[in-house]
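Results of the structural survey
Here is what each chain is made of, one letter per residue.
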Amino acid sequence: METRQLEYLVAVAEELNFTRAAERVFAAQSTVSAGIRSLERELGTTLFERDPQGVRLTAVGQEMVDAARTTLEASERMRTLADPHAGLRGQLRVGTFTNLTTIDLPGIMGEFHERHPLVDLRLGPSPTGSTGLADDVRLGRVDVAFMGLPGRLPGLRYQELMTSPFVAVLPRDHPLAGGERVRLADLVAERFVDASEGFGNRVTLDRRLSELGLTRRVATEVSDLGEIPRFVAARLGVAVIPELTVLPAEGAVVRPLAERADWVLSAVSRPRPSAAALALFGLLAERFGPH
């Protein structure tokens, strides 16, 4: 059994598509398919069910994928221990969400590249925001993710980066726009503009509203958090979003809330991250404080 076969196994399990898996590991599709068949013969079991509808992991295959990830991580640590001065190699997959202006992500990744030039970076979002990113980390699709879900989910390693209070974003001519502070109870009867379900800011706010015994209706959903003030300015509704995510929009005003509600941005990984993921956590600790 070779580590390359295990890389094929993990890639196909995460992509559920042999073509995409082959592109990810920089191999021909025929090579990946042959590697998986060879691994199945060696293990004496079927790892994937293949039919015209697609590729699915078998129950045994899922257990094998978990073991393969552990083996690959251990192999990487062994190489680092054997030659700590050779520099990190491989790939670092980072999950993020669109318009993450809260932190200087390009600057962070630029500094990471300067320190570890042999590590290839793969950054990408999840269509379901922080909820999807947390699942991506748990399932091994990404190594590190930036997310903003409330509390701490089991099975994840956390590095808190920053905390931001929620603020109200209102159309300029809204009756509450001239006040100093806005009560959530005075807003919940309004139409809301917010991110899609699963995004961390929405999950956090809905949990806070539930604690206060309040409910609301989201009438307009957008996939880009930074666009919300522009939709508010167009009078599609009001918004309550983290202050650090607010981008100025002509025709919209920002007011603090009377109640305290905080959004926490964190970086997360699996409990035993790869060497490259640990290096990124170290850089984040330098910028934002210790783990």
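For the structure, see preceding data.
Cut-offs used in this document
Residues numbered from 1 in each chain as written. Predicted model: local features only at pLDDT ≥ 70, side-chain atom pairs only at ≥ 80, totals over all residues. Heavy atoms only, no water. Helix = DSSP H or I, 4+ residues; strand = E, 2+ residues; numbered from the N terminus. Buried < 20%, exposed > 50% of the residue type's maximum accessible area, 1.4 Å probe, protein only. Areas by Shrake-Rupley, 256 points an atom, 1.4 Å probe, with all protein chains shown as cover. Lys, Arg positive; Asp, Glu negative; His and termini not counted. Charge placed at Lys NZ, Arg CZ, Asp CG, Glu CD. Core = buried A, V, L, I, M, F, W, Y, C linked by side-chain atoms within 4.5 Å. Contact = heavy atoms within 4.5 Å. 1 Å grid on protein atoms, 1.4 Å probe; cavity = no way out; pocket = protein on both sides within 12 Å on 5 of 7 lines; lining within 4 Å. Points joined across faces, edges and corners; volume = space filled by probe spheres on them. Nonpolar A, V, L, I, M, F, W, Y, C, P; charged D, E, K, R; others polar. Phe/Tyr/Trp six-rings, centres within 6.5 Å; stacked < 30°, edge-to-face > 60°. Lys NZ or Arg CZ within 6 Å of the ring centre and 35° of its normal. Arc of directions from axis to C-beta. Polar contact = N/O pair within 3.5 Å; in protein donor to acceptor, adjacent residues only side chain to side chain.

Let's shift gears to the overall build of the protein. Looking only at helices and strands, the protein has nine helices and 11 strands in total. Overall, the C-alpha framework of the protein stretches about 70 × 50 × 30 Å when taken along its three principal axes. Per-residue burial for the protein yields a buried fraction of 47% across its 291 residues. Carbon and sulfur atoms make up 52% of the accessible area of the protein, which amounts to about 14,300 Å² in all. For the protein, the distance from the average position of its 34 positive side-chain charges to the average position of its 38 negative side-chain charges is 1 Å.

Attention shifts here to the nonpolar core. Nonpolar side chains in soluble globular proteins tend to end up buried together. Grouped together as the largest cluster of nonpolar side chains are 53 residues, with contacts concentrated most on L92, I103, F146, L265 and L280. If one sorts the elements of this core by residue count, helix α9 (residues 275-288) sits on top with eight residues. Setting aside chain neighbours within four positions, we find I103 in contact with I108, F146, L161, M162, L265 and F288.

Time to look at the layout of surface pockets. The computed volume of the second largest pocket comes to approximately 330 Å³. Lining the second largest pocket are 16 residues; nearest its centre among them are E15, R24, R93, R141 and V142. Mapped onto the lining of the second largest pocket, the elements with two or more residues apiece are α1 (3-15), α2 (18-24), β3 (90-95) and β4 (119-124). When grouped by side-chain class, the residues that make up the lining of the second largest pocket number five nonpolar, two polar and nine charged.

Once that is clear, we can look at the packing of aromatic side chains. According to the stated counting rule, one finds one aromatic pair in the structure shown. Between the aromatic rings of F18 and F48, the centroid separation amounts to 6.3 Å while the plane-to-plane angle is 65°, which identifies the pairing as edge-to-face. Note that F18 is positioned in helix α2 and F48 in strand β1 (residues 48-51), a separation of 30 residues in sequence. Exposure remark for F18: the relative accessible area of 11% places this residue in the buried category. The ring of F281 has R157 sitting right over it, with the charged end atom 5.0 Å from the ring centre.

As a further point, take helix α5 (residues 105-115). Those residues of α5 that fall on the buried side of the exposure criterion are L105, I108, M109 and F112. Each buried residue of α5 sits inside an arc of 90° when the element is viewed along its axis, so together they form one side. α5 presents P106 and E114 as exposed residues on the side facing more than 90 degrees away from its buried surface. Buried residues in α5 make contact with β3, β4, β5 (144-147) and α9. Taking the backbone nitrogen of G107 as reference, a side-chain oxygen 3.1 Å away marks D104 as the first, capping residue of α5.

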